[in-house]
Amino acid sequence: MDNSVKEEKIVKSLMKHSRADMPFQDFDERMMDLIYKEERQQKSIRRDIRMAWMFFFLGLFLGLFIAGFTIEPDIFGDNIPTQTINMILQICIAVVLLFQLDRLLGFSSKRWRLKQYKQSS
Amino acid sequence: MDDLYIRKVLGGDTGEFRYFIATYKDLAFSVAISVVKDEFLAEEVVQESFIKVFNNLKSFKGRSSFKTWFCRIVINEAFQLIRKKKPATIPIDSLNDIETIINEDDILDISKEEQSFMVQEALKMLSSKESLVLRLFYLEQQDTKTIADETGWSDGNVRVILYRARKNMLVFMKELMKDKQKNKQYG
């Protein structure tokens, strides 16, 4: 018999004994627990992102409202014009909001990219 | 059958994911242990793979069978893990220097349990790629094209690995049988 055919036959015969089944009896239960945990985590992340966006817009409108309409003209006396105070406050709020918006967009896009990567790999 | 359960899980019935675990855990473990060579690491690979499957079930388009898609995930996870952990590899002597022909009668002489033990040991001694290809080809009865699809290697590469795997398997089996005979003589 040809050498390679004989080798093939022996290996084929040997490999019948190579089955390696999952040795851990409780694997199914533990795996399902992990799946439920993963599901909860994913839901929680999605909820957190929604909440983050909601509070961002809430803060944005509240900030603009406070800066725009609630400054009393005489609160700082006559030395500083009200328009200047308003402008300083609006710039501060805009900087904070832009900073927060950048982080929120970064986080959301990172998650989106990760999802795309997972789908492609 | 797989499609039905995919629809159920995607429809929100997470409990039905149990079907995939029950159906594919042994295949996944067999593939994972071929690569990582350790039961606990293999279990880790299988767990990660199932979680990945659960999270990406929506992206499964059915271009290949679920089994092929799942195998690809397990193989990727297993190779990622060994890249991280970098296990020690067993050097293989030059193949041509060792007479690899084993008398079939010698193999048939030993008991089934011993055969099984020695095959598992020999598979551990083989490289990850070789033992993976051997298991998929002989045990899962997949053709080289399917293996190439699952591993991302070329068909020609799979054939070369399979050829080397056969040779090396016999080398290691011969070594193990020699050790066994020595043990019998001295003990």
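Predicted, not measured: the structure shown is a model, and the values here were computed from it. (Residues numbered from 1 in each chain as written. Chains lettered and ligands numbered in written order. Predicted model: local features only at pLDDT ≥ 70, side-chain atom pairs only at ≥ 80, totals over all residues. Heavy atoms only, no water.)

Observations regarding the overall build of chain B
And step 1. Secondary structure summary: chain B contains nine helices and zero strands in total.
And step 2. Reading the secondary structure of chain B in the N-to-C direction produces α-α-α-α-α-α-α-α-α.
And step 3. Each of the 187 residues in chain B was classed as buried or not, and the buried ones make up 52%.
And step 4. Considering only intrachain contacts with a sequence separation of at least 6, the fraction spanning at least 24 residues in chain B is 68%. (Helix = DSSP H or I, 4+ residues; strand = E, 2+ residues; numbered from the N terminus. Buried < 20%, exposed > 50% of the residue type's maximum accessible area, 1.4 Å probe, protein only. Contact = heavy atoms within 4.5 Å.)

As for the overall build of chain A
And step 1. Each helix and strand in chain A was counted, giving three helices and zero strands.
And step 2. Going residue by residue from the N terminus, the α and β elements of chain A occur as α-α-α.
And step 3. Going through the 121 residues of chain A one by one, you find that 21% of them count as buried.
And step 4. Here chain A has roughly 9,100 Å² of accessible surface; of this, 62% comes from carbon and sulfur atoms. (Areas by Shrake-Rupley, 256 points an atom, 1.4 Å probe, with all protein chains shown as cover.)

Focus on the pattern of salt bridges
For side chains of opposite charge, pairing can occur when their charged atoms come near one another.
Residue and element names in this part refer to chain B.
And step 1. Enumeration over the complete set of coordinates arrives at 11 salt bridges over all chains.
And step 2. Note that Arg164 is salt-bridged to Glu130, the shortest N-O span being 3.8 Å. With Arg164 in helix H9 (residues 155-186) and Glu130 in helix H7 (residues 128-139), this residue pair connects regions lying 34 residues apart in the sequence.
And step 3. Assessed through its relative accessible area of 5%, Glu130 is described here as buried.
And step 4. Between Arg159 and Asp155 there is a salt bridge, and its shortest N-O distance comes to 3.3 Å. With Arg159 and Asp155 both in helix H9 and four residues apart, the pair spans about one turn of that helix.
And step 5. Taking relative accessible area as the criterion, Arg159 reaches 48% and is therefore assigned partly exposed.
And step 6. Asp155 sits in the partly exposed class, given a relative accessible area of 22%. (Salt bridge = Lys/Arg side-chain N within 4 Å of Asp/Glu carboxyl O.)

Overview of the interface of chain A and chain B
And step 1. Residue-level contacts link 33 residues of chain A with 45 residues of chain B.
And step 2. Of the roughly 4,000 Å² buried between chain A and chain B on both sides combined, carbon and sulfur atoms contribute 64%.
And step 3. Of all residues in chain A, Leu14(A), Met15(A) and His17(A) bury the most surface against chain B, accounting for 16% of the area lost on that side.
And step 4. The interface formed by chain A and chain B contains four salt bridges.
And step 5. One salt bridge connects Glu43(B) with Arg30(A), and the closest N-O pair in it is separated by 2.5 Å. (Buried area = accessible area lost by both parts, 1.4 Å probe.)

Thoughts on helix H1 (residues 2-10) of chain B
Residue and element names in this part refer to chain B.
And step 1. Those residues of H1 lying buried are Asp2, Tyr5, Ile6 and Val9. Burial along H1 is one-sided: seen end-on, the buried residues are contained in an arc of 105 degrees.
And step 2. Buried positions along H1 lie against helix H2 (18-36), helix H3 (39-56) and helix H4 (66-85).
And step 3. Once H1 ends, the next one or two residues include Gly12, with phi positive near 110 degrees. (Arc of directions from axis to C-beta.)

A closer look at the side chain of Asp28(A)
And step 1. Checked against the element boundaries, Asp28(A) lands in helix H2 (residues 27-69).
And step 2. Under the relative-accessibility criterion, Asp28(A) is labelled buried at 15%.

With respect to a positive patch on the surface
And step 1. A cluster of basic residues, Lys43(A), Arg46(A), Arg47(A), Arg50(A) and Lys58(B), forms a positive patch at the surface.
And step 2. Tracing the sequence through the fold places Lys58(B) in the loop between H3 and H4.
And step 3. What makes Lys58(B) exposed here is its relative accessible area of 64%. (Patch = residues over 30% accessible without salt bridge, like charges linked within 9 Å, V, L, I, M, F, W, Y side chains within 5 Å. Lys, Arg positive; Asp, Glu negative; His and termini not counted. Charge placed at Lys NZ, Arg CZ, Asp CG, Glu CD.)

Observations regarding the packing of helix H1 (residues 3-15) of chain A against H7(B)
And step 1. Where H1(A) contacts H7(B), the axes come no closer than 10 Å and their chain directions differ by 85 degrees. In terms of axis orientation, H1(A) runs roughly perpendicular to H7(B). Contacts from Glu8(A), Val11(A), Lys12(A) and Met15(A) in H1(A) reach Leu134(B), Arg135(B), Phe137(B), Tyr138(B) and Leu139(B) in H7(B). (Axes fitted to C-alpha atoms, helices over the stretch in contact; angles between N-to-C directions. Parallel < 35°, antiparallel > 145°, perpendicular 65-115°, else oblique.)

Looking at the confidence of the model for chain A
The predicted coordinates of low-pLDDT regions are not to be read in fine detail.
And step 1. On average, chain A scores 78 in pLDDT, and the residues at 70 or more come to 80%.
And step 2. Considering each helix and strand of chain A separately, the mean pLDDT is smallest for helix H3 (residues 82-120) of chain A, with a value of 76, and largest for H2(A), with 85. (pLDDT = per-residue confidence, 0-100.)

As for the packing of aromatic side chains
A ring pair, where both rings are aromatic, is described by two values, the distance of the centres and the angle of the planes.
And step 1. This model, assessed by the stated rule, comprises 20 aromatic pairs over all chains.
And step 2. With 6.3 Å between their ring centres and 50 degrees between their planes, Phe27(A) and Phe50(B) make a pair best called tilted. Separated into two different chains, Phe27(A) in helix H2 and Phe50(B) in helix H3 make up a pair that spans both.
And step 3. By relative accessible area, Phe27(A) is classed as buried at 0%.
And step 4. Taking 4.9 Å as the distance between ring centres and 85 degrees as the angle between the ring planes, the aromatic pair formed by Phe137(B) and Tyr138(B) counts as edge-to-face.
And step 5. Grouped by ring-pair contacts, the aromatic residues Phe27(A), Tyr5(B), Phe17(B), Tyr19(B), Phe20(B), Tyr24(B), Phe50(B), Phe54(B), Phe60(B), Phe66(B), Trp69(B) and Phe70(B) constitute a single cluster. (Phe/Tyr/Trp six-rings, centres within 6.5 Å; stacked < 30°, edge-to-face > 60°.)

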